[in-house]
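What follows is the residue order along each chain.
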Amino acid sequence: MEWGMANRMHRMFQPVSGNSVMVAVDHGYFMGPTRRLENTRATIAPLLPYADALGVTRGILRHAVDPTSTTPILLRVSGGVTVLKEDLSHEAITTSIEDAARLNVCAVAMSVFVGAQYEHESLVHLSNLIDAGEEHGIPVMAITAVGKELEKRDARYLALACRVSAELGARMVKTYFCENFAKVVEGCPVPIVCAGGPKLDTDRAALELAHGAIEAGAHGLDMGRNIWQSDHPVAMLKALRSIVHEKATVREALEVLDGEKARLATSKRAVEA
Ligand code: R5P
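From a predicted model like this one, the values you see are computed outputs, not experimental measurements.

Visitor: Give a detailed account of the site of the ligand, specifying residues and quantitative values.
Guide: What surrounds the ligand is a group of 13 residues, the closest being Ala24, Ala195, Gly196, Gly224 and Arg225. Every element with two or more residues in the shell around the ligand is listed here: strand 10 (220–223) and helix 10 (225–228). Of the residues belonging to the shell around the ligand, the class tally is four nonpolar, six polar and three charged.

Visitor: How would you explain helix 6 (residues 119–136) if you had to name every residue and give the values?
Guide: With 18 residues, helix 6 extends 26 Å from end C-alpha to end C-alpha; this agrees with the ideal 26 Å at 1.5 Å per step. Looking only at helix 6, the buried set comprises Ser122, His125, Leu126, Leu129, Ile130 and Gly133. Seen along its axis, helix 6 keeps its buried residues to an arc of 140 degrees; they face one direction. More than 90 degrees from the buried face of helix 6, the exposed residues found are His120, Val124, Asn128 and Glu135. Residues of helix 6 that are buried in the fold lie against strand 4 (78–79), strand 5 (92–93), helix 5 (97–102), strand 6 (107–112), strand 7 (140–144) and helix 7 (155–167).

Visitor: Tell me about unusual backbone geometry, residues and numbers included.
Guide: Look at Arg36: it is not a glycine, yet its phi comes out positive at around 75 degrees. For Arg36, a count of 18 C-beta atoms within 10 Å gives the class partly exposed. The phi dihedral of Lys247 falls on the positive side, at around 55 degrees, and the residue is not glycine.

Visitor: Please give an account of the nonpolar core that cites residues and values.
Guide: Across soluble globular proteins, nonpolar side chains show a tendency to be buried alongside one another. Among the nonpolar cores identified, the biggest contains 83 residues, and Val108 and Leu240 are the most heavily contacted of them. For this core, the leading source of residues is helix 11 (residues 233–246), giving seven residues.

Visitor: Please set out the packing of helix 9 (residues 203–215) against helix 11 residue by residue, giving values where relevant.
Guide: Packed helix pairs are specified by the crossing angle of their axes together with the interaxial distance, meaning the distance between the axes. Viewed as axis vectors pointing N to C, helix 9 and helix 11 meet at an angle of 25 degrees, and their least axial separation amounts to 9 Å. Viewed along their axes, helix 9 and helix 11 adopt a mutual orientation that is roughly parallel. Crossing of helix 9 against helix 11: the hand is right-handed. Where helix 9 abuts helix 11, its residues Asp203, Leu207, Ala210, His211 and Ile214 lie against Met236, Ala239, Leu240, Ile243 and Val244. Across the contact of helix 9 with helix 11, the residue classes break down as eight nonpolar, one polar and one charged.

Rules used in this analysis
- All residue numbers refer to position in the chain's written sequence, counted from 1.
- With the structure being a predicted model, the display of local features is reserved for residues of pLDDT at least 70 and the display and counting of side-chain atom pairs for 80 or more, all residues being used for whole-chain, interface and lining totals.
- Nearness here is judged by the C-beta atom: place it from the backbone, and if it falls within 6 Å of a molecule or strand, the residue counts as near that partner.
- A run of DSSP states H or I qualifies as a helix once it reaches four residues; a run of E qualifies as a strand once it reaches two. Both are numbered from the N-terminal end.
- Here the term charged refers only to Asp, Glu, Lys and Arg, the term nonpolar to Ala, Val, Leu, Ile, Met, Phe, Trp, Tyr, Cys and Pro, and the term polar to all other amino acids, Gly among them.
- To estimate the expected span of a helix, count its residues, drop one, and scale the result by 1.5 Å.
- Note on burial: count the other C-beta atoms lying within 10 Å of the residue's C-beta; 20 or more is buried, 12 or fewer is exposed, in between is partly exposed, and C-beta positions come from the backbone.
- The arc in question is the one traced by the directions running from the helix axis out to the C-beta atoms.
- A pair of residues counts as a contact when their C-beta atoms, built from backbone coordinates, are separated by no more than 7 Å.
- Definition of nonpolar core: a set of buried Ala, Val, Leu, Ile, Met, Phe, Trp, Tyr and Cys residues joined via C-beta atoms within 7 Å.
- For helices, the axis comes from a line fit to the C-alpha atoms of the stretch in contact; other axes are also lines fit to C-alpha atoms, and the angle between any two N-to-C directions lies between 0 and 180 degrees.
- Comment on the angle field: the value is read as roughly parallel under 35 degrees, roughly antiparallel over 145, roughly perpendicular from 65 to 115, and oblique elsewhere.
- Note: crossing handedness is left-handed where the near helix turns anticlockwise from the far helix by less than a right angle, and right-handed where it turns clockwise.

The structure is reproduced here in structure tokens:
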């Protein structure tokens, strides 16, 4: 791996654990101002110091992230369709690699829609983006999107989508957790990070998902809604970090979460007094 590529990968994946806790805040590119992302600047600011990388579009990067920030940026560069359409797979590259380089990002990310109506276009876009990324020393993350077909989140489908992405040259893959997730990881020769998907009923369920993913061999998380739609986003992020970087059990991570909540409540009382 050339220096620029290697340096960018190392900035996102922590040296000791080899893992990464990326915070995904790119949902607005097809969902609009979804719950708790209405004011992205306010959502992002408290999370930024605890994120190993931040996933955003260029619009939100310019608007909501201070340029003095040293948090690595994972730039979403695909789009072109919204939730108002039935088929979400008709995406294209919406941000050039030159703009990604100007924005000094650590990596670029795009959704790939394996098995969807626009599968061919999607995989060709991925290949072209990888060619451009390799030329600039910028790693490409493939996101194995399922669109509205949530039932596609099974090991057989995800293993295929991750493997195809890696074969085309993606330096890392983001996918969804599923039963038998180890099978997905096993078949993918590049690091996998796990998305959270829609907000789960409890923080515990999200911690269990993270724990399951790490146990199965994932190199971390690229999680959004289960962090910033939680009532305690920073505490949740710290609890997730304990799983990803310190191999904490779910019980230990819950202790981190509760400890952080208690600490926040104490400092809030002190401010109000
Ligand atoms: C979709 O908008 C993006 O790929 C998200 O970055 C990804 O789904 C991770 O976010 P969440 O954990 O909310 O699913």
